[in-house]
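Observations on the three-dimensional arrangement
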Amino acid sequence: MRPLPKRMRAAYVRPMVEEILHETEASPGRRGWCPGAWRPMASADGLVARLRPSGGRLSGAQLLTMASAASHAGNGVIELTGRANLQLRGIEAAKLAALQAQLGLAGLLDSSAADEARRNILLPPLAGLDPTAALDLLPLLAELEHRLREADELAALPAKFALVLEDGGLFQPSRITADLRARPVAQLPGQLAVGVGAPDGGTRWLGSAPPTLLPGILLALMRRSLPYLETLPRARFSYLTTDNCRAIAQGLPLRPLGSTPMPEPPGGSAPPLGHWRLGELSLVGVAAPLGRLDPRMLEILAGCIGPNGQARLTPWRSFVLPDQSAPILRTLKDGGFIVDASSPLLAIAACPGKEGCRSGTTSTLKDALHLAARLPLEPGGGIRLHVAGCAKGCAHPAKSALTLVGRNGSYDLVQDGRADASPLAKGLSLGDAAHLLSSLTLRTDRP
Ligand code: SF4
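What this report covers is the structure whose coordinates are included nearby. Because the structure is a prediction, the values reported are computed rather than measured. Every residue gets a number counted from 1 within its own chain, in the order that chain's sequence is written. This being a predicted model, a pLDDT of at least 70 is required before a residue's local features are given, and a value of 80 or more before pairs of side-chain atoms are given or counted; all residues contribute to the totals for chains, interfaces and linings. Each side-chain value is derived from all of the structure's non-hydrogen atoms; neither hydrogens nor water enter the calculation.

Here we come to the environment of Leu103. Its place among the elements puts Leu103 in helix H3 (residues 96–105). Residue classification places Leu103 among the buried positions, given a relative accessible area of 0%. Distance from Leu103 to Met66, taken between C-alpha atoms, is 7.8 Å for residues 37 residues apart in sequence. Contacts were defined at the residue level, with two residues in contact if any of their heavy atoms lie within 4.5 Å. Among residues more than four places away in sequence, those in contact with Leu103 are Ala37, Leu51, Met66, Leu108 and Leu109. Strands are runs of DSSP state E lasting at least two residues, helices are runs of H or I lasting at least four, and both sets are numbered from the N terminus onward. Working definition: with a 1.4 Å probe on protein chains only, accessible area under 20% of the residue-type maximum means buried, over 50% means exposed, and in between means partly exposed.

Quick look at the structure:
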């Protein structure tokens, strides 16, 4: 990431802030808006700036920069996202330029809003480290990021475009929705299957290729999809028809997969927590309760790994700390992190609700903590309960077993669906919702 010169930044940032405030005031909850550090989003508690560290990797020194930025430019709330990104909330518009300068010096700011917007690549948190992986994805990531920076025409990709790369190792982001996905083929060593997101959240596989050909193939698929995406009601690859998929893959050096099975790898719904040893690699995993941290927690994390140590963000709103061992877990637990898989908070997702978003009418975070203390939620199976401030369902776009959807100060309840699905019950108070949820949760758990 190359920082922009100071003079250009001053000329560029002020009009941009005005544009952001105007645009997001007009439609605070509209779909398709994806905040960045260059183009933060206006929300009820100030601007929200999302940082996309390359490969989810952050040094201890960068964690300290973010802790300081969250305290001085924002309201001290730091969120981990389901795309292994990190966002600072409550940023004052007048402090945005200083924040961007600080991020630039720490190597956390792209050279432009367009560069930032195109870099939506999600990797397994142990990419390049996992001895069980079929390949090291980091060289492929570097090549893709380089080519994306050069590809100005791809500024037209949807704001929420996501490319997910898998390496066949542990903790694969296989259940994270992707527009384009690459996955090693067990039966074809040295080949990665390439696919387009399907309407049901799965993948429509187009064929396979060696990793060296992947950057060219993936960029061609992105470019060729643009005219089709323009005609769709929602610019998502999952809306492309089978014919569209065939057309964008036409003539690319993809080997047909035929009936080769492409099973979803196991372990795609939970992060590594606690201390793990994988061959020579010793690592520690910790999660943030409901994906939220304060600056002090980032400082504690940075103190544990040292300025040159590495923390990796995961799409399960947690960190993996390579080359660390069990003794730091006590410090991290005392600092407020979840350090083992038994916490019911791991089974709950919640957005900021009315305290952080103009579309919210309920206190989702407070209500989620209330429910976590009362419901027999079993951790370990991914998100079971989603407390959404509205039907947009930002905190967990996929289905969950139970979803409370805030509406006019009370909740509707959706069972086994997304936040925008038809509710089973409407207009519930928190107490009514807790009562109903506990019977539904228990019933779901019965054999
Ligand atoms: S789901 Fe939550 S964060 Fe998203 S728009 Fe609705 S209230 Fe806002």
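Both faces of strand E17 (residues 385–388) are covered, namely the face carrying Leu385 and Val387 and the face carrying His386 and Ala388. By convention a crossover is right-handed if, when the strands point away from the viewer, the path from the first strand over the helix to the second runs clockwise. Tracing the backbone out of strand E16 (residues 348–350), into helix H10 (residues 364–372) and back to the parallel element E17 gives a crossover that is left-handed. Pairing between strands is defined by DSSP: at least two bridges between the two strands are required. In terms of strand pairing, E17 meets strand E18 (residues 400–407) through 4 bridges, oriented parallel. Following the sheet pairing, Leu385 is matched in E18 by Leu402.

Locating Arg204 in the fold gives a position in strand E10 (residues 203–209). No salt bridge is formed by the buried Arg204; the nearest opposite charge belongs to Asp200, separated by 7.4 Å. Here the side chain of Arg204 touches Leu240 through a polar contact of 2.7 Å, landing on its backbone oxygen. Contacts of Arg204, omitting those with residues within four sequence positions, involve Val194, Gly195, Val196, Gly197, Ala198, Pro199, Phe237, Ser238, Leu240, Thr241, Thr242 and Cys245. His residues and chain termini do not enter the charge count, which takes Lys and Arg as positive and Asp and Glu as negative. Salt bridges are counted wherever a side-chain nitrogen of Lys or Arg sits within 4 Å of a carboxyl oxygen of Asp or Glu. For the purposes of these results, a polar contact is taken to be a pair of N or O atoms within 3.5 Å, where, inside protein, one atom must be able to donate a hydrogen and its partner to accept one; residues adjacent in sequence count only when each atom of the pair is a side-chain atom.

This part covers the site of the ligand. All residues in the neighbourhood of the ligand are listed as Cys351, Pro352, Cys357, Ser359, Gly360, Gly389, Cys390, Lys392, Gly393 and Cys394. Each residue gets one label: Ala, Val, Leu, Ile, Met, Phe, Trp, Tyr, Cys and Pro are nonpolar, Asp, Glu, Lys and Arg are charged, and the others, such as Gly, are polar. Split into classes, the residues belonging to the shell around the ligand amount to 5 nonpolar, 4 polar and 1 charged. If a single non-hydrogen atom of a residue is within 4 Å of a molecule or strand, that residue counts as near it.

Next up on the list: the packing of helix H5 (residues 138–150) against helix H6 (residues 214–230). Axes, fitted as lines to C-alpha atoms, cover a helix only where it is in contact. Angles between the N-to-C directions of the axes lie from 0 to 180 degrees. Between H5 and H6, whose axes approach to 10 Å, the crossing angle comes to 40°. Classified by the angle their axes make, H5 and H6 are oblique. The handedness of the crossing between H5 and H6 comes out as right-handed. Along the contact surface, H5 presents Leu140, Glu143, Leu144, Arg147 and Leu148, while H6 presents Leu214, Pro215, Gly216, Leu218, Leu219 and Met222. In what follows, roughly perpendicular refers to angles from 65 to 115 degrees, roughly parallel to angles under 35, roughly antiparallel to angles over 145, and oblique to any angle outside these ranges. With the far helix as reference, a near helix turned anticlockwise by less than a right angle produces a left-handed crossing, and one turned clockwise produces a right-handed crossing.

So, on to the pattern of salt bridges. Throughout the structure, instances matching the rule amount to 19 salt bridges. A salt bridge links Arg147 to Glu143; the nearest nitrogen and oxygen atoms lie 2.9 Å apart. Of this pair, Arg147 and Glu143 both sit in helix H5, separated by 4 residues, roughly a single helical turn. One salt bridge connects Asp412 with Arg407, and the closest N-O pair in it is separated by 2.6 Å. Judged by its relative accessible area of 8%, Asp412 falls in the buried class. A cluster of three or more residues bridged by salt bridges with shared partners is formed by Asp45, Glu79, Arg89 and Arg292.

As a further point, take the sheet that holds strand E8 (residues 180–184). Read across the sheet, 5 strands follow the order E6-E7-E8-E9-E10 without closing on themselves; strand pairing throughout is mixed. Both edges of this open sheet fall to strand E6 (121–122) and E10, since each of them pairs with a single strand only. Across the sheet, helix H7 (residues 242–249) is in contact with strand E9 (192–197) and E10; its angle to E10 comes to roughly 20°.

A few words on the nonpolar core. Put simply, buried Ala, Val, Leu, Ile, Met, Phe, Trp, Tyr and Cys residues joined by side-chain atoms within 4.5 Å make one nonpolar core. Counting residues in each nonpolar core, the largest one holds 50 residues, and the members touching the most others are Leu86, Phe319 and Leu332. If you tally residues by element for this core, the top one is helix H8 (residues 295–305), at 7 residues. Domain start and stop points were drawn from an automatic or database domain assignment. Shared between two domains, this core takes at least three residues from each, and those domains are domain 1 (134–167 + 176–249) and domain 2 (274–334). Leu165, Leu192, Ile217 and Leu221 belong to the second largest nonpolar core, which has 38 residues in total.

With that settled, the discussion passes to the packing of H6 against H7. Across the interface, H6 lies against H7 with an axial gap of 9 Å and an inter-helix angle of 140°. Relative to H7, the element H6 lies oblique. For the pair H6 and H7, the crossing hand works out as right-handed. Where H6 abuts H7, its residues Leu221, Arg224, Ser225 and Tyr228 lie against Asn244, Ala247, Ile248 and Ala249. The residue makeup of the contact of H6 with H7, split by class, is 5 nonpolar, 2 polar and 1 charged.

Within the secondary structure, Leu369 is located in helix H10. Separated by 71 residues in sequence, Leu369 and Leu298 have C-alpha atoms that sit 21 Å apart.

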